[in-house]
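In case you want the letters, here they are:
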Amino acid sequence: SEVGDATFDEVVASAKAQWQDKLSKIEIDVANTPENVTELLYSSLYRASLTPVCLGTIHPAKKLILDGVVQNNATGETQGVFENTDSFYFDSLYCSWDTFRTFYPLMALHSPVEYAQIVDSYIDGWRKNGWMPECRANNLPGWTQGGSSGDIIVSHFAVNYHNEAQRLGIDLNELYSALLADGDVNPPEWNIEGRQVNVYKQFGYVPFAVLDVSSTGRQTREGSRTLEYAFEDFGIRQVAQLLGKSDDMERYTNRSL
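Since we're looking at a predicted model, the values are computed, not measured.

### Notes on the layout of surface pockets
Space left empty within the atom packing is revealed by a probe, the size of a water molecule, rolled over the atoms.
For step 1, the next point in the chain: In this model, the second largest pocket occupies a volume close to 230 Å³.
For step 2, the next point in the chain: Along the walls of the second largest pocket sit 16 residues, with Phe 82, Asn 129, Arg 136, Asn 139 and Pro 141 positioned nearest its centre.

Here you go:
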């Protein structure tokens, strides 16, 4: 089990130390900060750190060691195609549409190690299923909201941490391959992963009530999905520029306009 032979008091002490490490990444150094503001900041940071949760057991070759410390909080509860994966596996991945504009910009400021682990989990979704996950809870995929919003999350990481990516355990070329799968390959069911990309590429937008014989999904939110697809294309465009993929950069620039 996670607890092993530890006593209750030892578990409490360990939990306190781990939370202190999490919360101490941001410090308030503004004089006369009201107590309620400090309480709001740290209680919000605490809640922002509750999910996603790492369930995957990390293969020894994939363990991330920084400054002599193994960065691994996995619990060994993976299932299905992810059972015994040698990558990080995060459950309770709230829909990426909800978090790419809120949670991950905050994480990018103070937690590159955890951010890299989550990005590794997104990439592993592409390795195992052909597309990066959009939403996952209790080891089951959730519904897509706007499209493949994981593209923004991994693109954000690449742009912010490209110089440190290798040290953080991320292969940017593999990350880019996962992005291209989301951007160019139509899944059989875009309700749970990927996008209705064939239609999007054909028309330059997602039209209402279009006949799509290549895949299935809810024929709703056409305007919203068009906007989200375009922004996701912009994320891919940024990584293409970063990696010197000039043809892809031009293609995704045009698609994101």
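### Here we look at the nonpolar core
One recurring pattern in soluble globular proteins: nonpolar side chains tend to sit buried together.
For step 1, the next point in the chain: Among the nonpolar cores identified, the biggest contains 35 residues, and Tyr 104, Tyr 115, Phe 157, Ile 170 and Leu 175 are the most heavily contacted of them.
For step 2, the next point in the chain: Elements supplying a minimum of two residues to this core: α4 (103-110), α5 (112-129), α6 (150-161), α7 (172-184) and α9 (222-242).
For step 3, the next point in the chain: For this core, the element with the most residues is α5, which contributes seven residues.
For step 4, the next point in the chain: In contact with Ile 170, not counting residues within four places along its chain, are Ala 116, Val 119, Asp 120, Ile 123, Phe 157, Ala 165 and Leu 175.
For step 5, the next point in the chain: Core analysis: the second largest hydrophobic core is formed by five residues, Val 197, Tyr 200, Val 206 and Tyr 229 among them.

### Quick notes on the packing of aromatic side chains
For step 1, the next point in the chain: Evaluated as defined, the whole model comprises ten aromatic pairs.
For step 2, the next point in the chain: Arranged with centres 4.8 Å apart and planes meeting at 80 degrees, the rings of Phe 103 and Tyr 104 form a pair that is edge-to-face.
For step 3, the next point in the chain: Its relative accessible area of 14% is what places Phe 103 among the buried residues.
For step 4, the next point in the chain: On the basis of relative accessibility, which here comes to 2%, the residue Tyr 104 falls in the buried class.
For step 5, the next point in the chain: Taken together, the ring pairs connect Phe 103, Tyr 104, Tyr 115, Phe 157 and Tyr 161 into an aromatic cluster.
For step 6, the next point in the chain: It is Arg 195 that lies over the ring of Tyr 229; its NZ or CZ is 5.5 Å from the centre.

### Some points on the environment of Ser 87
For step 1, the next point in the chain: Note on placement: Ser 87 falls in the loop between β3 (69-71) and β4 (90-91).
For step 2, the next point in the chain: With relative accessibility at 1%, the residue Ser 87 sits in the buried group.
For step 3, the next point in the chain: Along the chain, Ser 87 and Tyr 122 lie 35 residues apart, while their C-alpha atoms are 9.8 Å from each other.
For step 4, the next point in the chain: A distance of 2.9 Å separates the side chain of Ser 87 from the side chain of Arg 127, its partner in a polar contact.

### Section: the packing of α7 against helix α10 (residues 246-256)
For step 1, the next point in the chain: Two elements in contact, α7 and α10, have axes whose closest approach is 13 Å; the angle formed by their N-to-C orientations is 40 degrees. Taken as axis vectors, α7 and α10 run oblique relative to one another. Of the two elements, α7 crosses α10, and the hand of that crossing is left-handed. Residues Tyr 176, Leu 180, Gly 183 and Asp 184 of α7 form the contact with α10, whose own contacting residues are Asp 248, Arg 251, Tyr 252 and Arg 255.
For step 2, the next point in the chain: For the contact of α7 with α10, a count of residues per class yields three nonpolar, one polar and four charged.

### Structural notes on the confidence of the model for the protein chain
For step 1, the next point in the chain: Looking at the protein chain, the pLDDT average stands at 88 and 91% of residues meet or exceed 70.
For step 2, the next point in the chain: Ranking the elements of the protein chain by mean pLDDT puts β3 last with 47 and α7 first with 98.
For step 3, the next point in the chain: Overall, residues 65-72 carries pLDDT values under 50, and its contacts beyond four positions in sequence, including any with other chains, amount to 17 contacts.

### Looking at the pattern of salt bridges
Two side chains of opposite charge can pair, provided their charged atoms sit close to one another.
For step 1, the next point in the chain: Taken as a whole and judged by the stated rule, the model has 14 salt bridges.
For step 2, the next point in the chain: The residue Arg 127 makes a salt bridge to Asp 124 at a minimum N-O spacing of 2.9 Å. Taken together, the positions of Arg 127 and Asp 124, both in helix α5 and three residues apart, correspond to about one turn of that helix.
For step 3, the next point in the chain: Exposure remark for Asp 124: the relative accessible area of 1% places this residue in the buried category.
For step 4, the next point in the chain: For Glu 174, the salt bridge goes to Arg 127, with nearest N and O atoms at 2.8 Å. Linking Glu 174 in helix α7 with Arg 127 in helix α5, this pair joins segments that are 47 residues apart in sequence.

### Topic: the packing of helix α1 (residues 8-23) against helix α2 (residues 35-48)
For step 1, the next point in the chain: It is at 10 Å that the axes of α1 and α2 come closest, and there the two elements cross at 110 degrees. With respect to α2, the element α1 is oriented roughly perpendicular. Between α1 and α2 lies a crossing of right-handed hand. Contacts between α1 and α2 involve Trp 19, Lys 22 and Leu 23 from the former and Tyr 42, Leu 45 and Tyr 46 from the latter.
For step 2, the next point in the chain: For the contact of α1 with α2, a count of residues per class yields five nonpolar, no polar and one charged.

### Overview of the side chain of Ser 111
For step 1, the next point in the chain: For Ser 111, the position within the fold is in the loop between α4 and α5.
For step 2, the next point in the chain: Take Ser 111: its relative accessible area is 4%, and that puts it in the buried class.

Rules used in this analysis
Residues numbered from 1 in each chain as written. Predicted model: local features only at pLDDT ≥ 70, side-chain atom pairs only at ≥ 80, totals over all residues. Heavy atoms only, no water. 1 Å grid on protein atoms, 1.4 Å probe; cavity = no way out; pocket = protein on both sides within 12 Å on 5 of 7 lines; lining within 4 Å. Points joined across faces, edges and corners; volume = space filled by probe spheres on them. Core = buried A, V, L, I, M, F, W, Y, C linked by side-chain atoms within 4.5 Å. Buried < 20%, exposed > 50% of the residue type's maximum accessible area, 1.4 Å probe, protein only. Helix = DSSP H or I, 4+ residues; strand = E, 2+ residues; numbered from the N terminus. Contact = heavy atoms within 4.5 Å. Phe/Tyr/Trp six-rings, centres within 6.5 Å; stacked < 30°, edge-to-face > 60°. Lys NZ or Arg CZ within 6 Å of the ring centre and 35° of its normal. Polar contact = N/O pair within 3.5 Å; in protein donor to acceptor, adjacent residues only side chain to side chain. Axes fitted to C-alpha atoms, helices over the stretch in contact; angles between N-to-C directions. Parallel < 35°, antiparallel > 145°, perpendicular 65-115°, else oblique. Left-handed = near helix turned anticlockwise from the far one by under 90°. Nonpolar A, V, L, I, M, F, W, Y, C, P; charged D, E, K, R; others polar. pLDDT = per-residue confidence, 0-100. Salt bridge = Lys/Arg side-chain N within 4 Å of Asp/Glu carboxyl O.

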